[in-house]
Each structure stands twice: as structure tokens, then as C-alpha cells.
Amino acid sequence: YAIHTNNNVASASYIYNNTISGSANGIIKQSSPSFTAKNNIVQGATDGYGTGFSSSDYNVSNVASDAPSASYRDGQATSVTFASSTTKDFHLRFDDTMAKNAGTDLSATFTTDTDNDTRTTTWDIGADDVGATLVKVHSIADVLSFAPTS
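Residues numbered from 1 in each chain as written. Predicted model: local features only at pLDDT ≥ 70, side-chain atom pairs only at ≥ 80, totals over all residues. Heavy atoms only, no water.

## Overview of the overall build of the protein chain
The number of helices and strands found in the protein chain is 2 helices and 9 strands. When the helices and strands of the protein chain are read in sequence order from the N terminus, they spell out β-β-β-β-β-β-β-β-β-α-α. Counting all 150 residues of the protein chain, 35% fall into the buried class. By sequence separation, contacts in the protein chain at least 24 residues apart represent 28% of the contacts at least 6 residues apart. (Helix = DSSP H or I, 4+ residues; strand = E, 2+ residues; numbered from the N terminus. Buried < 20%, exposed > 50% of the residue type's maximum accessible area, 1.4 Å probe, protein only. Contact = heavy atoms within 4.5 Å.)

Shown next, in the form of C-alpha cells:
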């Protein structure tokens, strides 16, 4: 399990803005009086979320009908684009269209991402917020290939 709550947890569990990849089970609730998961990514799991996520939202999984997310892609398999899964760089790529700018604002609880960068006004789903550090590099060849029209 990547995240697993059991009988020994507090009366309320809050699981916010996590990125989980390659675990057989992602976020599993065994028992907890109150359990809320928001803005989480689970990729490559057999069971990304388990059951019992009634107040959870804005979660994605590449397994159909898995992620608790009434407001975003409910029941749909959703694959996100990481910088490099093979080198275990699970930052979102700048061109991701599934998690980037798709989360809900949780700034009343926290404001930074996994790199300690301040999250932007439109939150991303997952641990990384692309907008907080986005730099798209253009090569000099892009500039030199400009051809003016007459």
C-alpha cells in the first residue's frame, strides 16, 4: 500500500495532493470515521482507491471507475503525463492535460507543492504544481528559423 489507514488513525484523515505510481494499491481506507482524499494521482495500481471515499473529490487514476471524483472525470480512466516515469521523475510535464490546472484550491490548508514552490491560483492534481515552476525552454534554432513574410 502507498497510503493505508487502519483502526489506529485519528478520528479524521485528510489525504491531499499526493502522487502515487507503481504501487499495487494506492490509497486504501480500512476504517476511519472521516476520510477525505482530494487532488491525488494514482497511476499503475491494480486498486487505486479502494472504497469509502464519500467526501472526496478531484482524484484521478488510470483505472476506470476507481478514483473518487464527482466533480472531475468521475469514473473515467485518466493517465497523466509525468516528466519521466522511467527515471522516477513524477513531476507533471508542462504539456499534461489531465492533472494540470484540474485540482481544487486547498490554500486554506496549505499553499506549497512537493518542491516547496507556492501553488498558483489554479491548482494541479498531485504533489507537483507545474505552474509554480514552469519554464519552457526554446532553442536558438527556434529563433533562427523565423522566416518573415513580405
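## Details of unusual backbone geometry
A positive phi is found at Asn-17, a non-glycine position, where the angle reads about 50 degrees. Mapped onto the elements, Asn-17 comes out in the loop between strand 2 (12-16) and strand 3 (19-21). The backbone phi angle of Asn-39 is positive, close to 60 degrees, even though this residue is not glycine. Structurally, Asn-39 can be placed in the loop between strand 5 (34-38) and strand 6 (41-43).

## Let's talk about the environment of Asn-116
Mapped onto the fold, Asn-116 is located in the loop between strand 9 (89-92) and helix 1 (130-133). On a C-alpha basis, the gap between Asn-116 and Asp-129 in space is 9.8 Å, while along the polypeptide they are 13 residues apart.

## A word on the pattern of salt bridges
Side chains that differ in charge, positive against negative, can pair when their charged atoms come close. What the rule picks out here adds up to 2 salt bridges. Residue Arg-93 pairs with Asp-95 through a salt bridge whose shortest N-O separation is 2.5 Å. Linking Arg-119 and Asp-129 is a salt bridge whose minimum nitrogen-to-oxygen distance equals 3.5 Å. Linking Arg-119 in the loop between strand 9 and helix 1 with Asp-129 in the loop between strand 9 and helix 1, this pair joins segments that are 10 residues apart in sequence. (Salt bridge = Lys/Arg side-chain N within 4 Å of Asp/Glu carboxyl O.)

## What about the sheet that holds strand 7 (residues 60-61)?
Taking strand neighbours across the sheet as the criterion, the 3 strands line up as 3-6-7 in an open arrangement whose pairing is parallel. At either margin of the open sheet sits one strand with a lone partner, and together these are strand 3 and strand 7. Here strand 3 pairs with strand 6 via 3 bridges, running parallel. When the sheet's bridge partners are listed, Thr-19 is paired in strand 6 with Ile-41. (Pairing = 2+ DSSP bridges.)

## Some thoughts on the packing of aromatic side chains
This model, assessed by the stated rule, comprises 3 aromatic pairs. Judged by centre distance (5.2 Å) and plane angle (85 degrees), the rings of Phe-82 and Phe-90 are edge-to-face. We classify Phe-90 as partly exposed; its relative accessible area is 25%. (Phe/Tyr/Trp six-rings, centres within 6.5 Å; stacked < 30°, edge-to-face > 60°.)

## Quick word on the environment of Asp-129
By relative accessible area, which is 0% here, Asp-129 ends up buried. For Asp-129, the contacting residues outside a window of four places in its chain are Asp-113, Arg-119, Thr-120, Thr-122, Trp-123 and Asp-124. A distance of 3.5 Å separates a polar atom in the side chain of Asp-129 from a polar atom in the side chain of Thr-120. A distance of 3.3 Å separates a polar side-chain atom of Asp-129 from the backbone nitrogen of Asp-124. (Polar contact = N/O pair within 3.5 Å; in protein donor to acceptor, adjacent residues only side chain to side chain.)

## Considerations on the side chain of Asp-113
On the secondary structure map, Asp-113 appears in the loop between strand 9 and helix 1. Summary of buried charges: Asp-113 has no salt-bridge partner, and the nearest side chain of opposite charge, Arg-119, is 5.7 Å away. Reaching out from Asp-113, the side chain makes a polar contact with the backbone nitrogen of Asp-129 at a distance of 3.1 Å. (Lys, Arg positive; Asp, Glu negative; His and termini not counted.)

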